[in-house]
Amino acid sequence: MKEIVLNPVGIVRSEIKTPSLKAHSGDLNRETDETPSQSSEVISEIEIDPQYKSLLDGVEDFSHLLVLYWAHLVKSEGRSLDKVHPMGRKDMPLTGIFATCSPARPNSVLVIAVKLLERNDTVLRVSGLDAVDGSPVIDIKPYLPHYYSVEDATLSPWMNQLIDEMRKDKDVSK
């Protein structure tokens, strides 16, 4: 295959300074006590390179955006993992990288839906971005519920368990 070159369109500014998951000894380890549901409360800014300012026209008409970003702090060791315990939890099954949302993957491209709080020129203020401060932003797209939602999607049992736990954590923190 040919090499692909991606150029960042912006950068994340966030209070999240270190990744919550790191690749060590052929698996993921959780590095913080913060739960994934807590990162949904983080307010971040996405600084778009001024040369792309016109690409933002109309983005403020959407309540939510998809942000594609590069997990720039994943070391080469992490990019060579085949399987991990999801979320670094050893009580979850050892699972192939492509069956997880792990940042430890051959190409550390991550995607998340965020709430757009405000656009100020080339700065987007968002909530729910789990990216580490300094993460390069690769692309931004409007979130379209009819396009990205699937009615009869099936999830693995371990993923359903994680989602249930995150919901409970979120309810407890309210």
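Below: a short report on this structure. (Residues numbered from 1 in each chain as written. Predicted model: local features only at pLDDT ≥ 70, side-chain atom pairs only at ≥ 80, totals over all residues. Heavy atoms only, no water.)

### What to know about the packing of aromatic side chains
Using the criterion set out here, one finds 2 aromatic pairs in the structure. On the basis of an interplanar angle of 20° and a centroid distance of 5.9 Å, the ring pair of Tyr143 and Tyr148 is categorised as stacked. Taking 5.0 Å as the distance between ring centres and 90° as the angle between the ring planes, the aromatic pair formed by Tyr147 and Tyr148 counts as edge-to-face. The exposure class assigned to Tyr147 is exposed, which follows from its relative accessible area of 58%. An aromatic cluster is defined as three or more aromatic residues linked by ring pairs; in this entry it consists of Tyr143, Tyr147 and Tyr148. (Phe/Tyr/Trp six-rings, centres within 6.5 Å; stacked < 30°, edge-to-face > 60°. Buried < 20%, exposed > 50% of the residue type's maximum accessible area, 1.4 Å probe, protein only.)

### Quick look at unusual backbone geometry
Not every positive phi belongs to a glycine, and Met87 is a case in point at roughly 60°. Position of Met87 relative to the elements: it lies in the loop between β6 (83-84) and β7 (95-96). Among the residues examined, Met87 registers a relative accessible area of 25% and is labelled partly exposed. The backbone phi angle of Asp121 is positive, close to 60°, even though this residue is not glycine. Judged by relative accessible area, Asp121 falls into the partly exposed class, the value being 41%. (Helix = DSSP H or I, 4+ residues; strand = E, 2+ residues; numbered from the N terminus.)

### Description of the pattern of salt bridges
For the structure shown, the criterion picks out 9 salt bridges. Note that Asp121 is salt-bridged to Lys53, the shortest N-O span being 2.7 Å. Placement of the pair is Asp121 in the loop between β8 (109-120) and β9 (123-127) and Lys53 in the loop between β4 (43-48) and β5 (64-70), with a sequence separation of 68 residues. A salt bridge links Arg89 to Asp91; the shortest N-O distance between them is 2.7 Å. (Salt bridge = Lys/Arg side-chain N within 4 Å of Asp/Glu carboxyl O.)

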